Amino acid sequence: MADKNDSMDKIVSLCKRRGFVFPSSEIYGGYGAIYDLGPYGVELANAVKREWWKCMVQLRQDIVGLDSSIFMHPKIWEASGHVAGFADPLTECKVCHVRSRVDHLLEEAGIEADEKMSEEQINALLFANLDKIKCPSCGKKDFTPVRKFNLLVKSNLGNFADDWSKEPAYLRGETCQGIYVNYKNVLDSSRVQVPFGIAQIGKAFRNEITARQFIFRTREFEQMEMQYFTRPENEMEEYEKLRDYRWQYYTRHLGLAEKNLKWHKHKNLVFYAQEAYDIEYAFPFGFKELEGVHARGDYDLTQHAKYSGKDLSYTDPKTGEKFVPHIIESSVGVGRTVLAVLTEAYTEEDLDGDQRIVMKFPKKLAPVKAAVFPLLKNKPELVSLAKEIYDALKLDFMCEFDDNGNVGKRYRRQDEIGTPYCITVDFETLESRTVTVRDRDTMEQIRVAITDLAGWLRTNLSSDSK
Ligand code: GAP
């Protein structure tokens, strides 16, 4: 990992230069806290989602998938508590009029606070600590009282009245509500029984005030959420198991170093939570929340039963006992995971006085698995054989063909996008039907027979956790 001080700028610059992440609507000057994924960014995000799905659905007999809609009945957001309580505490600097999140100002000054505190609690903390807090924009200490600002994004969907803002349909603020309202459908249509989980990946939208920190906090983002339905008395035991499972996922499956991860226990619990921990990652701007693991009790199903008028209790098929399942959840953003993976992978090496930037992604996450080069562009026999090899490999692996510039430059380009293997067709290939394969991390080169290449790649791409 690069030196923390300037590594964020370097990662942002590499993401733009190499097509991982672009600011949204850039030719119009950008659009606050929204980003687009470029050609390699979309490959990386897809690989992150595949790995999450594998761990949370494919490897788990007790968890099934779902893809619910972004738009849902407006009552869902009343039942969930979002209309009344999904709000961030804001203050405005009376001098420069920049608005800031008070929980963040307090946190940066080393004072324990979070967005779940009441308006009164956080207001008192702000004004009691003015000696330690200043406006991040102008440095003054003259703030308005704290106000909570609702994060839900409204739309005019299906509303043809003149003043549609009175009955808005919301873009979902979290994906899990789609899981709660489908819990009966899943129970009735699949073979799951309590305890079981439902997993979903999808877009969520929040009117975030802080438009900083790149893809860490955005107004449109994707969540990967799993909600696990348990017997009430087993909630905390299952919760501890889920916490452990999620820790293993980051260290074993995503290859994040243990030293870059830590648990943060919430002291102030949001209205629905019985217990809440975050897994924090050492982002370039410090340890910050990567994922939330929450024990939600029976809050969600009880609320939806109340607002919908439907019975959402569960009847044990063996004992006939009826109860409202308790829910534990794991919730993480795709963008935040991608930023953690980018941070972990970013490496600078000194190469005989030259700097090599290499993204040491776990191989399963690398956007491109292999690049195929003819040694020289102007030798048709090398170019056509390299194309032939590329055409065969692309059936099984995400590959690139590149004949532009000298081989050293082509290596550097592939290093910057984290391609594990570069395959070069040279003059010896014409004689021996072997190619050189160069390893991204060690830069060692070996010769592999063309006929063995696909098998060799398959074995080596899955040979380590990286
Ligand atoms: N269902 C629970 C829930 O949504 P949360 O703590 O509000 O809990 C869970 O969000 C995760 O979603 C966070 O840990 C983070 O990874 C991601 N997330 C939340 N807001 C985000 C935003 N504005 N931009 C990017 N990711 C976000």
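Residues numbered from 1 in each chain as written. Predicted model: local features only at pLDDT ≥ 70, side-chain atom pairs only at ≥ 80, totals over all residues. Heavy atoms only, no water.

Draft legend 1. Representation of the overall build of the chain within the structure. For the chain, the count of helices and strands is 15 helices and 23 strands. When its C-alpha atoms are laid out on the principal axes, the chain stretches across 75 × 65 × 50 Å. Counting all 466 residues of the chain, 52% fall into the buried class. At a minimum sequence separation of 6, the contacts of the chain that also span at least 24 residues come to 65%. Accessible surface for the chain amounts to roughly 21700 Å². Of this, 50% is attributable to carbon and sulfur atoms. (Helix = DSSP H or I, 4+ residues; strand = E, 2+ residues; numbered from the N terminus. Buried < 20%, exposed > 50% of the residue type's maximum accessible area, 1.4 Å probe, protein only. Contact = heavy atoms within 4.5 Å. Areas by Shrake-Rupley, 256 points an atom, 1.4 Å probe, with all protein chains shown as cover.)

Draft legend 2. Inspection of the site of the ligand at higher detail. Neighbouring residues of the ligand: 21 residues in total, closest Arg-206, Glu-208, Glu-225, Glu-289 and Leu-290. At a separation of 2.8 Å, an oxygen atom of the ligand approaches a polar side-chain atom of Arg-206. Coverage of the ligand by the protein amounts to 94% of the 550 Å² it exposes when considered alone. Breaking the shell around the ligand down by element, the ones donating at least two residues are strand 10 (220–230), strand 13 (286–297) and strand 16 (326–333). Here the element with the most residues in the shell around the ligand is strand 13; it accounts for six residues. Here the residues of the shell around the ligand are counted per class, giving five nonpolar, six polar and ten charged. (Near = heavy atom within 4 Å. Polar contact = N/O pair within 3.5 Å; in protein donor to acceptor, adjacent residues only side chain to side chain. Nonpolar A, V, L, I, M, F, W, Y, C, P; charged D, E, K, R; others polar.)

Draft legend 3. Summary view of helix 10 (residues 299–308). Of all the positions in helix 10, only Tyr-299, Asp-300, Leu-301, Gln-303 and His-304 are classed as buried. Looking at the buried residues of helix 10, the elements they touch are helix 3 (75–79), helix 7 (176–180), helix 8 (183–189), strand 10, strand 13 and strand 16. Phi for Gly-309, located one or two positions after helix 10, is positive at around 75°.

Draft legend 4. Highlighting the pattern of salt bridges. Applying the stated criterion across every chain yields a total of 36 salt bridges. Across the salt bridge formed by Glu-107 and Lys-288, the nearest N and O atoms sit 3.8 Å from each other. With a gap of 181 residues between them, Glu-107 in helix 5 (residues 102–108) and Lys-288 in strand 13 connect regions that are remote in the sequence. With a shortest N-O distance of 3.8 Å, Lys-267 and Glu-112 are connected by a salt bridge. Remark: Glu-112 occurs in the loop between helix 5 and helix 6 (119–128) and Lys-267 occurs in the loop between strand 11 (261–265) and strand 12 (275–283); sequence separation between them is 155 residues. Residue classification places Glu-112 among the partly exposed positions, given a relative accessible area of 41%. Ionic contacts of the salt-bridge type, sharing partners, join the residues Glu-349, Arg-356, Lys-360, Asp-415 and Arg-438 into one network. (Salt bridge = Lys/Arg side-chain N within 4 Å of Asp/Glu carboxyl O.)

Draft legend 5. Just the pairing of strand 4 (residues 87–92), in detail. Counting buried positions along strand 4 gives five out of six residues, so the element sits mostly inside the fold. In the sheet, strand 4 pairs with strand 6 (residues 147–150) via four bridges, with the strands oriented antiparallel. Within strand 6, the position partnered with Pro-89 by the bridge is Lys-148. Direction of pairing for strand 4 relative to strand 5 (residues 99–101): antiparallel, over a ladder of three bridges. Bridging from a neighbouring strand, Glu-92 pairs with Arg-99 of strand 5. Counting the residues that bridge the hairpin from strand 4 to strand 5 gives six residues, and of these His-97 lies at a positive phi of roughly 65°. (Pairing = 2+ DSSP bridges.)

Draft legend 6. Expanded view of the domain arrangement of the chain. Domain parsing of the chain yields domain 1 (4–75 + 154–342), domain 2 (87–150) and domain 3 (368–461). Computed from C-alpha coordinates alone, the two centres of domain 2 and domain 3 are separated by 55 Å. (Domains from an automatic or database assignment.)

Draft legend 7. Fine view of the side chain of Arg-246. With respect to the secondary-structure elements, Arg-246 resides in helix 9 (residues 235–253). When its relative accessible area of 0% is taken as the criterion, Arg-246 is described as buried. Look past the residues within four positions of Arg-246 in its chain and what remains in contact with it is Trp-52, Met-56, Ile-279, Glu-291, Ser-330 and Val-332.

Draft legend 8. Inspection of helix 2 (residues 39–58) at higher detail. Between the first and last C-alpha of helix 2 there are 27 Å, a value that for 20 residues agrees with the 28 Å anticipated at 1.5 Å per step. Residues of helix 2 that are buried include every one of Tyr-40, Gly-41, Leu-44, Ala-45, Ala-47, Val-48, Lys-49, Glu-51, Trp-52, Cys-55, Met-56 and Val-57, and no others. (Expected span 1.5 Å × (residues − 1).)

Draft legend 9. Focus on unusual backbone geometry. Between Val-194 and the following residue, Pro-195, the backbone shows a cis peptide bond with an omega angle of 5°. Within the fold, Pro-195 resides in the loop between helix 8 and strand 9 (196–205).

Draft legend 10. Fine view of a nonpolar patch on the surface. A surface patch of nonpolar side chains, amounting to about 230 Å² of accessible area, comprises Leu-376, Phe-427 and Leu-430. With respect to the helices and strands, the residue Leu-430 is situated in helix 14 (residues 427–432). (Patch = residues over 30% accessible without salt bridge, like charges linked within 9 Å, V, L, I, M, F, W, Y side chains within 5 Å.)

Draft legend 11. Representation of the side chain of Arg-172 within the structure. For Arg-172, the location among the structural elements is in the loop between strand 8 (169–171) and helix 7. Among buried Asp, Glu, Lys and Arg side chains, Arg-172 stands out as unpaired, with Asp-67 the closest opposite charge at 5.2 Å. Setting aside residues no more than four positions away along its own chain, Arg-172 makes contact with Ser-68, Ser-69, Ile-70, Met-72, Trp-77, Gln-200, Gly-202, Lys-203, Ala-204 and Phe-205. (Lys, Arg positive; Asp, Glu negative; His and termini not counted.)

Draft legend 12. Structural detail: the packing of helix 2 against helix 11 (residues 334–345). Two elements in contact, helix 2 and helix 11, have axes whose closest approach is 10 Å; the angle formed by their N-to-C orientations is 105°. Between helix 2 and helix 11, the angle is such that the two are roughly perpendicular. Within the contact between the two elements, helix 2 uses Leu-44, Ala-45, Val-48 and Lys-49 and helix 11 uses Val-334, Thr-337, Val-338, Val-341 and Leu-342. When grouped by side-chain class, the residues that make up the contact of helix 2 with helix 11 number seven nonpolar, one polar and one charged. (Axes fitted to C-alpha atoms, helices over the stretch in contact; angles between N-to-C directions. Parallel < 35°, antiparallel > 145°, perpendicular 65-115°, else oblique.)

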